Amino acid sequence: MPDHDLPSPTLPRLKPRAKDSHKGSFGNALLIGGSRGMAGSIALSGLAAARTGAGLVRLAVPDRCLETVASFSPCTMTIPLTNSSAGQITASIEELTAHLEAANCIGIGPGMGGSPELQQLVQDVLRTAQCPVVVDADALNNLGAISNWRELLSEKVVLTPHPGEWSRLSGMAASDREAQVAAAIEHAKQSGATIVLKGYRTLVTDGVEAAFNSTGTPAMATGGSGDVLTGIITALICQGLSPLEAAHLGVTVHGLSGELAERALSTRVVLPPELIQYLPLALGAHAEQRSSRGIGF
Ligand SMILES: NC(=O)C1=CN([C@@H]2O[C@H](COP(=O)(O)OP(=O)(O)OC[C@H]3O[C@@H](n4cnc5c(N)ncnc54)[C@H](OP(=O)(O)O)[C@@H]3O)[C@@H](O)[C@H]2O)[C@@H](O)CC1
Ligand SMILES: Nc1ncnc2c1ncn2[C@@H]1O[C@H](COP(=O)(O)OP(=O)(O)O)[C@@H](O)[C@H]1O
Ligand SMILES: [Mg+2]
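Since the model is a prediction, treat every value here as computed from it, not as a measurement. (Residues numbered from 1 in each chain as written. Chains lettered and ligands numbered in written order. Predicted model: local features only at pLDDT ≥ 70, side-chain atom pairs only at ≥ 80, totals over all residues. Heavy atoms only, no water.)

Colleague: Summarise the overall build of the chain; cite the residues concerned and give the values.
Modeller: A count of helices and strands for the chain gives 11 helices and nine strands. Relative to its length of 297 residues, the chain is compact, with a C-alpha radius of gyration of 18 Å against a globular reference of 19 Å. With the C-alpha coordinates aligned to their principal axes, the bounding extent of the chain is approximately 55 × 45 × 40 Å. Evaluated residue by residue, the chain yields a buried proportion of 56% over its 297 residues. Restricting to contacts in the chain with at least 6 residues of sequence separation, those with at least 24 account for 66%. (Helix = DSSP H or I, 4+ residues; strand = E, 2+ residues; numbered from the N terminus. Rg over C-alpha atoms; globule rule 2.2 N^0.38 Å. Buried < 20%, exposed > 50% of the residue type's maximum accessible area, 1.4 Å probe, protein only. Contact = heavy atoms within 4.5 Å.)

Structural data, given as structure tokens:
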């Protein structure tokens, strides 16, 4: 496994919910993505965000996919965006401004597809948003198509690439894990962004601290597992964790949830809705392990 010489961050935990808290206490999550044929991915991110405890979850999706996305869960709200005849978002930033202002964290990219309009939208969201932004999947690919994409990174940005996405952004081959890890740490150092380089032993770093995840299972190697992670990290930021803390805790409980589901269901593959179903147990197990051992995983 590649190495790094940065100190490990302390694994954070969510504070118990105050008795007098209300949905507004746990943040507004705004998830932008989806397209005709990939409505499921943004719905998975949304349900994962709700299950992780965001107070309100809104999914901004192509108008054409709204009913489909809404039908997956009664727990999330939907915002219709102008779309192409092929069912991809073509909206400009003005359609989203009020929603960006109301959000405590934005997740963008799952199932979004790629186009010049989407490259512009991803760029504009990163320039306009005052809150943290989790950039995943096709938002990473749209970002990579912008020549000055590095200038759009800052402390409020979390990138969650898998090795294929990171090869498009960094230029480092997906097969060269060592070079990919080094590039992720370097990009995080230069920009202050948090980078989650996914895979077996996911790397989480902000360029100052770094950790390799030790939870997870090959049963999670199925389409949609990463879309769930986007929702988890977005919801943890909504509940007051910093981008690095949310990425670190999010990656840990995501993997733990996969392990718990694999064991409980005696299955070779954990489907994304099952991953979401076991999130409360994973969050609870994390809290118990911390309090009984006084340490993180
Ligand atoms: N239900 C839905 O609606 C779902 C919708 N989804 C949506 O689909 C969209 C496209 O996303 P995507 O990740 O499937 O395609 P893409 O970016 O071309 O990456 C593939 C390339 O990367 C490589 N690669 C990947 N992982 C790697 C690894 N660990 N280690 C090494 N290589 C790795 C891989 O390599 P290969 O498999 O060829 O070895 C290949 O070259 C996106 O919007 C997403 O949200 C999905 O979430 C599924 C559920
Ligand atoms: N063998 C594995 N061990 C641990 N985690 C895995 C394994 N395979 C996949 N995962 C996790 O599943 C997720 C896959 O993300 P991604 O490739 O973006 O999926 P998708 O885009 O289909 O939702 C990552 O968080 C990754 O770490
Ligand atoms: Mg993905």
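Colleague: With reference to specific residues and values, describe the site of ligand 2.
Modeller: Neighbouring ligand 2 are 16 residues; K198, G199, G224, G226 and D227 lie closest to it. Here an oxygen atom of ligand 2 sits 3.1 Å away from a polar atom, N or O, in the main chain of G199. The contact in question runs from an oxygen atom of ligand 2 to an N or O atom on the side chain of T202, over 3.2 Å. Taking 580 Å² as the accessible area of ligand 2 by itself, protein coverage stands at 78%. (Near = heavy atom within 4 Å. Polar contact = N/O pair within 3.5 Å; in protein donor to acceptor, adjacent residues only side chain to side chain. Areas by Shrake-Rupley, 256 points an atom, 1.4 Å probe, with all protein chains shown as cover.)

Colleague: Please set out the nonpolar core residue by residue, giving values where relevant.
Modeller: V69, V196 and I233 are the most contacted members of the largest nonpolar core, which has 48 residues in total. Secondary-structure elements contributing two or more residues to this core are β1 (28-32), α1 (39-52), β2 (56-62), α2 (66-72), α8 (225-238), α9 (243-265), α10 (272-277) and α11 (279-293). In terms of residue count, α9 provides more of this core than any other element does, nine residues in total. Setting aside residues no more than four positions away along its own chain, I233 makes contact with V134, T160, V196, A246, A247 and G250. Formed by 46 residues, the second largest nonpolar core is a distinct cluster that contains A91, L121, L143 and F212. (Core = buried A, V, L, I, M, F, W, Y, C linked by side-chain atoms within 4.5 Å.)

Colleague: Lay out the site of ligand 1 with the relevant residues and their values.
Modeller: The full set close to ligand 1 counts 16 residues, and G111, D138, H162, R168 and D227 are the nearest of them. A distance of 2.8 Å is found between an oxygen atom of ligand 1 and a side-chain nitrogen or oxygen belonging to H162. Against a free-state accessible area of 930 Å², the protein chains account for coverage of 50% of ligand 1. Sorting the residues of the shell around ligand 1 by element identifies α1, α5 (137-144) and α6 (163-170) as the ones contributing at least two each. In terms of residues, the shell around ligand 1 owes the most to one element, α6, which gives four residues. Looking at side-chain class alone, the shell around ligand 1 contains five nonpolar, seven polar and four charged residues. (Nonpolar A, V, L, I, M, F, W, Y, C, P; charged D, E, K, R; others polar.)

Colleague: Quick rundown of unusual backbone geometry? Include the residues and the values.
Modeller: A negative phi holds for most residues other than glycine; trans holds for most peptide bonds. A positive phi angle is found at A137, which is not glycine, with a value near 45°. Residue A137 is classed as buried on the basis of its relative accessible area of 12%. Phi at S266 takes a positive value of approximately 45°, unusual for a residue other than glycine. Topologically, S266 is positioned in the loop between α9 and α10.

Colleague: Describe the sheet that holds strand β5 (residues 133-135), with residues and values.
Modeller: One open sheet accounts for nine strands, arranged β3-β2-β1-β4-β5-β6-β7-β8-β9; its pairing is mixed. Edge strands, defined here as strands with exactly one partner in the open sheet, are β3 (77-81) and β9 (210-212). Along the sheet, successive strands turn relative to each other by an average axial angle of 15°, direction set aside. Looking at chain direction, β2 and β3 are connected through five bridges and run parallel. Bridge pairing links A60 to I79 in β3. (Pairing = 2+ DSSP bridges. Axes fitted to C-alpha atoms, helices over the stretch in contact; angles between N-to-C directions.)

Everything listed is a geometric property; what it means functionally is a separate question.
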